Amino acid sequence: MAPEVLAAMNEAAAAFVDIRILHSKAGEKIAQLLGSEAACITSGATAGIAVATAACMTRGDAQKIIQLPDITGIPHEALMLKSHRTLYAQALRVSGARVREIGASSQITIRQIEEAVSENTALFFFVAAFEQTIESLPLSEISKVMKKYNIPIVVDAAAELPPIKNLKKYIEQGADLVIISGGKEIRGPQSSGLILGRADLIEACIANCSPNFSIGRSMKTDKETIAGIVKAVELFVSKDYVQEMKRWEAMVSKIVETLSPILGTHVRRGFPKEPSVQPAVIPRVFIKPTSSTAQELQSRLMMVEPIIYTDLQADELVINPQCLEDDEVSLVTEAIIGLLK
Ligand SMILES: *Cc1c(COP(=O)(O)O)cnc(C)c1O
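Not measured: the values here are computed from a predicted model.

Asks: Got a minute to help me understand the overall build of the protein in this structure?
Replies: Broken down by element type, the protein carries twelve helices and eleven strands. For 341 residues, the compact-globule estimate of 2.2 N^0.38 gives 20 Å, and the C-alpha radius of gyration of the protein, at 21 Å, lies within 12% of that figure. Projected onto its principal axes, the C-alpha coordinates of the protein cover approximately 65 × 55 × 35 Å. Counting across all 341 residues of the protein, residues that qualify as buried make up 52%.

Here's what the structure looks like:
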């Protein structure tokens, strides 16, 4: 978090506020900054999944909100592609929804999606990171079907920043709600998240969110977090991403240059092809050690001090510069050289 974000949180900590007013006003401010119709602040993207699900199930009906997770008489199916199933999707079930997976891997067709729709359908859940996989279908095609039946689409785009235009892209492709993590590229508090999108559904999200008595009451967003995420979004929208991309490129070049001469490694710059920690637009370093497997190198990097967390793609180790400070690059290269020797 930037010092300005910490300062905003500090200031909030010393103030008495009406948390309901703060929560909705802060949502309005964030919607304005991000060019969204409306916004709801949650205690993380995963809490956002739980709250958005409750919103789609109840549509803000006060009686239904306190009835959950008892689903009697409430549409309760969350449809999703089998290939999009992540462990975060467990949050769909918090309010009693049943997850209905569609399509056995690569056989998926739009027709199967249409056949899965029934009067029990509450929402369609789509994970942006998986859209490019062969077992997926384009959001815009899925949305044509869902619009026909008036079923909201919730897109988990938790890690899909940058670019900022992604926020509008999913809406243009038919998303009704888009969920973003506050603690990733936005660099807000770790336990913050945003739901962006349709005003009527956001109103239902707020009704299902802390401090209102609902499923979301146990996922509280405190005033410090609310103040912090507002400030972080302010800084995020004014950030120069041309410059930031240059900084990431420079870090990648530096790592490639430093490791290339080391015997027993193949090092290259590239972009991830498999869904993992996104977004895919940030360049990565791919390392293929020859004296050990990439997996062995990854586990050994988890044992150095400080721990260095890397990713794997096929038989290569992947370094994402997104969370690195400039002066941490040498820490990474020195640790890898040490282990390879
Ligand atoms: C990171 C991530 C989440 C979880 O975000 P939190 O803010 O930590 O809850 C959910 N879905 C996807 C796709 C993610 O990448």
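Asks: Mind showing me how you'd approach the environment of Leu235 here?
Replies: With respect to the helices and strands, the residue Leu235 is situated in helix H9 (residues 223–237). The spacing of Leu235 and Gly188 is 47 residues in sequence and 9.7 Å in space, taken between C-alpha atoms. Excluding residues that lie within four positions of it along the chain, Leu235 makes contacts with Ala2, Glu4 and Val5.

Asks: Whenever I open this one, the site of the ligand confuses me. Can you help?
Replies: Taken together, Gly44, Ala45, Thr46, Tyr88, Asp156, Ala158, Ala159, Ser181 and Lys184 make up all the residues around the ligand. For the ligand, an oxygen atom lies 2.6 Å from a polar atom in the side chain of Thr46. A distance of 2.7 Å is found between a nitrogen atom of the ligand and a side-chain nitrogen or oxygen belonging to Asp156. Contact with the protein chains hides 81% of the accessible area of the ligand, taken as 390 Å² for the molecule alone. Its residues assigned to classes, the shell around the ligand comprises four nonpolar, three polar and two charged.

Asks: How should I be thinking about the nonpolar core in this particular structure?
Replies: It is characteristic of soluble globular proteins that their nonpolar side chains tend to be buried jointly. Residues Ile30, Ile113, Phe124, Met146 and Leu194 are the most contacted members of the largest nonpolar core, which totals 69 residues. Filtering out sequence-adjacent residues up to four positions away, Ile30 remains in contact with Ala39, Ile41, Leu194, Leu196, Ile229, Val230 and Val233. Ile49, Ile74, Ala89 and Ala129 belong to the second-largest nonpolar core, a separate cluster that totals 39 residues.

Asks: I would appreciate a short explanation of the sheet that holds strand E4 (residues 121–127) in the present structure.
Replies: The strands making up a sheet associate through hydrogen bonds between their backbones, and the pairing can be parallel or antiparallel. Pairing in this open sheet of seven strands is mixed, and the strands run E1-E7-E6-E5-E4-E2-E3 from one edge to the other. Each of the sheet's edge strands pairs with one partner strand only, and the pair in question is strand E1 (38–42) and strand E3 (98–102). When strand polarity is set aside, the average angle formed by the axes of neighbouring strands in this sheet is 25°. Here strand E6 (residues 177–181) pairs with strand E7 (residues 193–197) via five bridges, running antiparallel. In the sheet register, Leu177 faces E7, and the bridge partner there is Gly197. Sitting on the sheet, helix H3 (residues 45–58) touches E1, E4, strand E5 (153–156), E6 and E7, and the angle it makes with E6 is about 160°. Its contacts with the sheet put helix H8 (residues 199–207) on E1, E6 and E7, and the angle it makes with E1 is roughly 25°.

Asks: Where do I start with the side chain of Asn212 in this structure?
Replies: The topology assignment puts Asn212 in the loop between H8 and H9. At 2.9 Å, the side chain of Asn212 and the backbone oxygen of Ile206 are in polar contact. Here Asn212 is in contact with Arg20, Ile206, Ala207 and Arg217, once residues within four sequence places are set aside.

Here is what the cut-offs are and how they apply
- Residues numbered from 1 in each chain as written.
- Predicted model: local features only at pLDDT ≥ 70, side-chain atom pairs only at ≥ 80, totals over all residues.
- Heavy atoms only, no water.
- Helix = DSSP H or I, 4+ residues; strand = E, 2+ residues; numbered from the N terminus.
- Rg over C-alpha atoms; globule rule 2.2 N^0.38 Å.
- Buried < 20%, exposed > 50% of the residue type's maximum accessible area, 1.4 Å probe, protein only.
- Contact = heavy atoms within 4.5 Å.
- Near = heavy atom within 4 Å.
- Polar contact = N/O pair within 3.5 Å; in protein donor to acceptor, adjacent residues only side chain to side chain.
- Areas by Shrake-Rupley, 256 points an atom, 1.4 Å probe, with all protein chains shown as cover.
- Nonpolar A, V, L, I, M, F, W, Y, C, P; charged D, E, K, R; others polar.
- Core = buried A, V, L, I, M, F, W, Y, C linked by side-chain atoms within 4.5 Å.
- Pairing = 2+ DSSP bridges.
- Axes fitted to C-alpha atoms, helices over the stretch in contact; angles between N-to-C directions.

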